[in-house]
Amino acid sequence: MLIGKSSKILSSEITSESAYLSRRSLLKGLGLVAGATSMPSYALTQPKSSDLPLYPGPDWLRPKLESAKTTWSLDEELTPYDSVITYNNFYEFGLNKEDPYERAQNFKTDPWQVEILGEVERPGIYNLEDLLAKVDIEERIYRFRCVEAWSMVIPWLGFSLASLIKQLNPTSNAKYVEFVTLEDPEQMPGQRSLFSTIDWPYREGLRIDEAMHPLTLLAVGVYGQAMPPQNGAPLRLVVPWKYGFKSIKSIVQIRFRETMPQNTWRLTASQEYGFYANVNPTVDHPRWSQATERRLPSSLFNPRIIETQMFNGYEEVAPLYAGMDLSKWY
Ligand code: MTE
């Protein structure tokens, strides 16, 4: 980032044979396919052929990912795996789009703990595995629109944030939820860079009704496998109707609050980035239009410019903002 309604086509209907076979070879490589007779029928979206790494994830997570069902899909072409895992914003690993892929491969994401605190009946420091014990992983194919005016279509694996919040039992004072990313300058070169203008750690927030909306996802994987480090392993937020900067990566803290939390980009440039950050083609960024977007992969000769949709096409969230002036609450 620069400083200064969905159709219900299940991916099981569109997964190609080559995708299916590449899934099988991934599992074979991991020693998880015993033989032809026990070949399971996976329906998850898999990378087509790619020379880039795959991310099987920790042993405890794998069976959860493999039993995922596709619950949300789109009749739009998926962004290729290679673009999803190599064109990233993760400033903890650098400012350029290729930096996270190039610098995050040794980022240690297992074991991982998440602290739950604030206005909640079950505060504590949880192992990620325990936090996920009661949730079912789903595959959800969502549009993803960055405030920089590029977009992707991504097959995430995760669970609704609401299902976790219900287990944790927030008190009636909990009006907002704040999320904080790991702060570890030894592992994250961007946090020790003298050029960084960000006040680490990266933080984000949602109003409690936004957090409880069924579309709001805590993601642990992408493209049928665990989350790559550069995409925010092992746990990240995905809020598909908001600009991508709300989708905070590598979460270590979730705090239930009575008051609106700060968020990193509002702290950095409040005249350009707000708290709500709903995708809105009628409210431009002060330095560029938000009316259109480049659907990646895009190039000079094939820019693939498309019109941006209100709430990124997820109009069902409109009632959350009834009566609000969305040019003021950008
Ligand atoms: N989370 C953290 N901790 N640090 C970041 O720099 N960048 C945000 C968001 N989450 C960011 C972050 C921005 S600007 C975008 S567009 C998305 O992550 C990019 O997600 P992706 O790299 O998986 O596409």
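Structure first, text after, so check above.
Not measured: the values here are computed from a predicted model. (Residues numbered from 1 in each chain as written. Predicted model: local features only at pLDDT ≥ 70, side-chain atom pairs only at ≥ 80, totals over all residues. Heavy atoms only, no water.)

Asker: Please explain the overall build of the chain as it appears in this structure.
Answerer: Within the chain, the regular secondary structure consists of 9 helices and 13 strands. Here the chain, with 330 residues, has 54% of them falling under the buried criterion. Put simply, the chain shows about 14,500 Å² of open surface, and 53% of that area lies on carbon and sulfur atoms. (Helix = DSSP H or I, 4+ residues; strand = E, 2+ residues; numbered from the N terminus. Buried < 20%, exposed > 50% of the residue type's maximum accessible area, 1.4 Å probe, protein only. Areas by Shrake-Rupley, 256 points an atom, 1.4 Å probe, with all protein chains shown as cover.)

Asker: Looking at this structure, I do not really get the pattern of salt bridges. What am I missing?
Answerer: Pairs may arise between side chains of opposite charge once their charged atoms sit close together. Taken as a whole and assessed by the stated rule, the structure comprises 15 salt bridges. Between R143 and E76 there is a salt bridge, and its shortest N-O distance comes to 2.9 Å. Highlighted residues: R143 in strand 4 (residues 138-145) and E76 in the loop between strand 1 (69-72) and helix 4 (81-86), separated in sequence by 67 residues. Linking E148 and K97 is a salt bridge whose minimum nitrogen-to-oxygen distance equals 3.1 Å. Of the two residues, E148 is situated in the loop between strand 4 and strand 5 (150-160) and K97 in the loop between helix 4 and helix 5 (99-103); the sequence distance between them amounts to 51 residues. Since its relative accessible area comes to 16%, E148 is described here as buried. Using a relative accessible area of 18% as the deciding quantity, one classes K97 as buried. Linked by salt bridges that have partners in common, E76, R143, R145, E293 and R295 make up one network. (Salt bridge = Lys/Arg side-chain N within 4 Å of Asp/Glu carboxyl O.)

Asker: Would you mind showing me how to read the nonpolar core here?
Answerer: Across soluble globular proteins, nonpolar side chains have a tendency to be buried as a group. One finds W156 and F256 to be the most contacted residues of the largest nonpolar core, which totals 93 residues. Apart from residues no more than four positions distant in its own chain, F256 is found in contact with I116, L117, G118, E119, V120, I165, L168, P170, A174, Y176, V177 and I208. (Core = buried A, V, L, I, M, F, W, Y, C linked by side-chain atoms within 4.5 Å. Contact = heavy atoms within 4.5 Å.)

Asker: Please explain the side chain of H213 as it appears in this structure.
Answerer: Tracing the backbone through its elements, the reader meets H213 in the loop between helix 8 (208-211) and strand 8 (217-222). If we skip the residues at most four places from it in the chain, H213 touches W241, E316, V317 and L320.

Asker: Mind showing me how you'd approach the site of the ligand here?
Answerer: The full set close to the ligand counts 16 residues, and N88, Y91, E92, R236 and K249 are the nearest of them. The separation between an oxygen atom of the ligand and a polar main-chain atom of Y91 is 2.8 Å. One nitrogen or oxygen atom from the side chain of E92 is found 2.8 Å from a nitrogen atom belonging to the ligand. Isolated, the ligand exposes 530 Å² of accessible area, and the fraction of that covered by the protein chains is 100%. (Near = heavy atom within 4 Å. Polar contact = N/O pair within 3.5 Å; in protein donor to acceptor, adjacent residues only side chain to side chain.)

Asker: Is there a simple way to think about helix 7 (residues 161-168) in this case?
Answerer: It helps to recall that an α-helix has 3.6 residues per turn; residues three or four apart then point in one direction. When we look at burial in helix 7, the residues that qualify are L161, A162, L164, I165 and L168. One side of helix 7 carries all its buried residues, which in axial view fall inside an arc of 160 degrees. N169, located one to two residues past helix 7, shows a positive phi value of around 60 degrees. (Arc of directions from axis to C-beta.)

Asker: Can you help me understand the packing of aromatic side chains in this one?
Answerer: The geometry of two aromatic rings is summed up by the distance between their centres and the angle between their planes. For the coordinates displayed, the defined rule picks out 17 aromatic pairs. Judged by centre distance (6.0 Å) and plane angle (80 degrees), the ring pair of Y276 and W329 falls under edge-to-face. On the criterion of sequence distance, the pair formed by Y276 in the loop between helix 9 (264-268) and strand 12 (292-295) and W329 in the segment after strand 13 (305-307) is long-range, its members being 53 residues apart. On the accessibility criterion, W329 (38% relative accessible area) is partly exposed. An aromatic cluster of three or more residues is present, and its members are Y176, F275, Y276, F311, Y321 and W329. The residue whose ring lies beneath R143 is Y314, and the NZ or CZ to ring-centre distance is 5.2 Å. One cation-aromatic arrangement involves K246 over F275; the distance from NZ or CZ to the ring centre is 4.2 Å. (Phe/Tyr/Trp six-rings, centres within 6.5 Å; stacked < 30°, edge-to-face > 60°. Lys NZ or Arg CZ within 6 Å of the ring centre and 35° of its normal.)

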